[in-house]
Amino acid sequence: MTLIYHNPACGTSRNTLAMLKASGETPEVIEYLVTPPSRERLVALIDAMGITPRALLRQKGTPYAELGLEQPDLSDEALIDAMMAHPILINRPIVVTDLGTALCRPSERVLDLLAAPLSRVGGTFTKEDGEIVTLKEGNS
């Protein structure tokens, strides 16, 4: 099973989804701004990625500053509360595969989660901006 928490307006998310498809995956796509994860699912994703809630917070183009989320003494619970109230604060894309779960920033991080990365395109992929991603040791 492969799943991506996706925002189609985000280039990194689009590139990640395209790399999944170029690798032969047919991911379940969840547009998390339309269908946000439940609190329990969000906590489970954070745990599976081995990161803190703060590491999942998106700052750019969000109410991060207006909500005062830069305050270092905010609890994990408070940060999760903010993400639940404002899903745009959840950084993306998050990909879940049988090999693991990761925030795929940069998009090529997804290659570490795939059994046959870029198998359908000969091991290379061209991102929207023209950058070429080539399989390297550790991604195959």
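Structure: above.
In what follows, the accompanying structure is described. (Residues numbered from 1 in each chain as written. Predicted model: local features only at pLDDT ≥ 70, side-chain atom pairs only at ≥ 80, totals over all residues. Heavy atoms only, no water.)

1. Some thoughts on the side chain of His6
- With respect to the element layout, His6 can be found in strand β1 (residues 3-6).
- Residues within four places of His6 in sequence aside, it is in contact with Ser13, Arg14, Leu17, Val29, Ile30, Glu31 and Tyr32. (Helix = DSSP H or I, 4+ residues; strand = E, 2+ residues; numbered from the N terminus. Contact = heavy atoms within 4.5 Å.)

2. Things to note about the environment of Ala85
- Along the chain, Ala85 turns up in helix α4 (residues 76-85).
- Measuring from C-alpha to C-alpha, the distance between Ala85 and Ser38 comes to 11 Å, with 47 residues separating the pair along the chain.

3. Topic: the nonpolar core
- Core analysis: the largest hydrophobic core is formed by 21 residues, its most contacted members being Leu56, Met83 and Ile94.
- Of all the secondary structure elements, the ones that give two or more residues to this core are β1, α2 (39-49), α4 and β3 (94-97).
- Aside from chain neighbours lying at most four places away, what touches Leu56 is Leu42, Ile46, Met49, Ile51, Met83, Leu89, Ile90, Asn91, Ile94 and Leu103.
- Grouped together as the second largest cluster of nonpolar side chains are 15 residues, Val95, Val110, Leu111 and Phe125 included. (Core = buried A, V, L, I, M, F, W, Y, C linked by side-chain atoms within 4.5 Å. Buried < 20%, exposed > 50% of the residue type's maximum accessible area, 1.4 Å probe, protein only.)

4. Section: the sheet that holds β1
- Reading across the sheet, the 4 strands line up as β2-β1-β3-β4 and stay open at both edges, with mixed pairing between neighbours. Pairing within the sheet leaves two strands with one partner each, and these edge strands are β2 (28-31) and β4 (100-103). Neighbour to neighbour, the strand axes of the sheet diverge by 15 degrees on average, direction disregarded.
- Of the strand pairs in this sheet, β3 and β4 are connected by 4 bridges, and their pairing is antiparallel. The residue of β4 that forms the bridge with Ile94 is Leu103.
- The strands touched by helix α1 (residues 11-22) are β1, β2 and β3; relative to β1, the strand with the most contacts, the crossing angle is about 160 degrees. (Pairing = 2+ DSSP bridges. Axes fitted to C-alpha atoms, helices over the stretch in contact; angles between N-to-C directions.)

5. Focus: α4
- When we look at burial in α4, the residues that qualify are Leu79, Ile80, Ala82 and Met83. An end-on view of α4 places all buried positions within 155 degrees of arc, on one side of the element.
- Taken together, the buried residues of α4 touch α2 and α3 (53-56). (Arc of directions from axis to C-beta.)

6. Let's talk about the pairing of β1
- Because side chains alternate across β1, one face comprises the buried residues Leu3 and Tyr5, and the other comprises Ile4 and His6, equally buried.
- Strand direction decides the pairing type here: β1 and β2, joined by 4 bridges, are parallel. Note that in β2 the partner of Ile4 across the bridge is Val29.
- Read as a crossover between parallel neighbours, the route from β1 over α1 to β2 is right-handed. (Right-handed = clockwise from strand over helix to strand, strands pointing away.)

7. Here's the deal with the pattern of salt bridges
- Throughout the structure, instances matching the rule amount to 5 salt bridges.
- Within this structure, Arg39, Glu77 and Asp81 form a network of salt bridges that share partners. (Salt bridge = Lys/Arg side-chain N within 4 Å of Asp/Glu carboxyl O.)

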